[in-house]
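Summary of structural features
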Amino acid sequence: MADSLTPAERSNMMARIKGGNTRPELLVRRILHAAGFRYSLHVKGIPGRPDIVLRSRNTLIFVNGCFWHGHDCHGTRLPKSNRRFWNAKIKTNMDRDIRNWAECRKRGWRVLVVWECALRGRGRWSDTRLSKDLSEWLSKKALRITNRQIKGSNRQP
């Protein structure tokens, strides 16, 4: 199926997609701040440039969009046009994520991935549940969060 937009229009549209300070990321930051956690944002020099860095807890939080990072959930649907491009793009993103998370763990960081579907849509977690689970995991009371929407582990790869 051919693209209904000209290359210039498509480029303009894609350029407006934000990479940081997204609504899901702002929601996680608000919940963490309300729970008393303090953090840095988008720290350069850490693989994957995590969205949230809690140095005092040696923890990195990545807030990932389900579409862009290939999460297998109700919110992910490939466009009908140019599927070969999108499959390759998302596969590249997924491979890069796995490499970055492994490198972060190798450097001694704890890694938590919060998927967009946990924050929006029909599978959305309540703010109370999200706050409780994040607080417990960050306080090391819970060693793993294993839900498909939020994954984190203290284990090394």
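Residue positions are counted from 1 within each chain, in the order its sequence is given. Residues qualify for local features only when their pLDDT is at least 70, as the model is predicted, and side-chain atom pairs are given and counted only at 80 or more; totals for whole chains, interfaces and linings, by contrast, use all residues. Side-chain numbers come from the whole structure's heavy atoms, not from hydrogens or water.

**Concerning the packing of helix H2 (residues 23–34) against helix H5 (residues 127–138)**
Worth spelling out the cut-off: As a rule, the C-alpha atoms of each element are fitted with a line to give its axis, helices using only the stretch in contact, and angles between N-to-C directions run from 0 to 180 degrees. The way it works is that DSSP assigns letters per residue, a run of H or I at least four long becomes a helix, a run of E at least two long becomes a strand, and they are numbered from the N terminus. Roughly parallel means an angle under 35 degrees; roughly antiparallel means over 145; roughly perpendicular covers 65 to 115; every other angle is labelled oblique. Handedness of each helix crossing follows the sense of rotation of the near helix against the far helix: counterclockwise by less than a right angle gives left-handed, clockwise gives right-handed. Residue contacts are counted whenever heavy atoms from the two residues lie within 4.5 Å of one another.
At a closest axis distance of 10 Å, the pairing of H2 and H5 adopts a crossing angle of 65 degrees. Looking at the two axes, H2 sits roughly perpendicular to H5. The interaxial crossing formed by H2 with H5 has right-handed handedness. Contact with H2, carried on its side by Leu 27, Val 28, Arg 30, Ile 31 and Leu 32, involves Asp 127, Leu 130, Ser 131, Leu 134 and Leu 138 of H5 and no other residues of that element.

**So, the environment of Ile 52**
Turning to its location among the elements, Ile 52 is positioned in strand E2 (residues 52–54). As for Ile 52 and His 42, which are separated by ten residues in sequence, their C-alpha atoms are 6.3 Å apart.

**Examining helix H4 (residues 83–106)**
Quick note on the threshold: Helix span, as expected, comes to 1.5 Å for every residue beyond the first.
The end-to-end C-alpha separation of H4 is 34 Å, in line with the 34 Å expected for 24 residues at 1.5 Å each. Within two residues after H4, Gly 108 carries a phi angle of roughly 100 degrees, on the positive side.

**Thoughts on the environment of Gly 108**
Note the threshold: Three exposure classes are used, based on accessible area relative to the maximum for each residue type with a 1.4 Å probe and protein chains only: buried under 20%, partly exposed in between, and exposed over 50%.
Of note, Gly 108 is situated in the loop between H4 and strand E4 (110–115). Residue Gly 108 is classed as partly exposed on the basis of its relative accessible area, which comes to 30%. Along the chain, Gly 108 and Thr 59 lie 49 residues apart, while their C-alpha atoms are 9.0 Å from each other.

**Overview of the side chain of Asn 100**
Residue position: Asn 100 is located in helix H4. With relative accessibility at 16%, the residue Asn 100 sits in the buried group. Residue contacts for Asn 100: discarding those within four places in its chain leaves Pro 47 and Gly 48.

**Focus on H5**
Along its twelve residues, H5 runs 16 Å from first to last C-alpha, staying within 8% of the 16 Å computed at 1.5 Å per residue. At the C-terminal side of H5, Lys 140 shows a positive phi close to 65 degrees.

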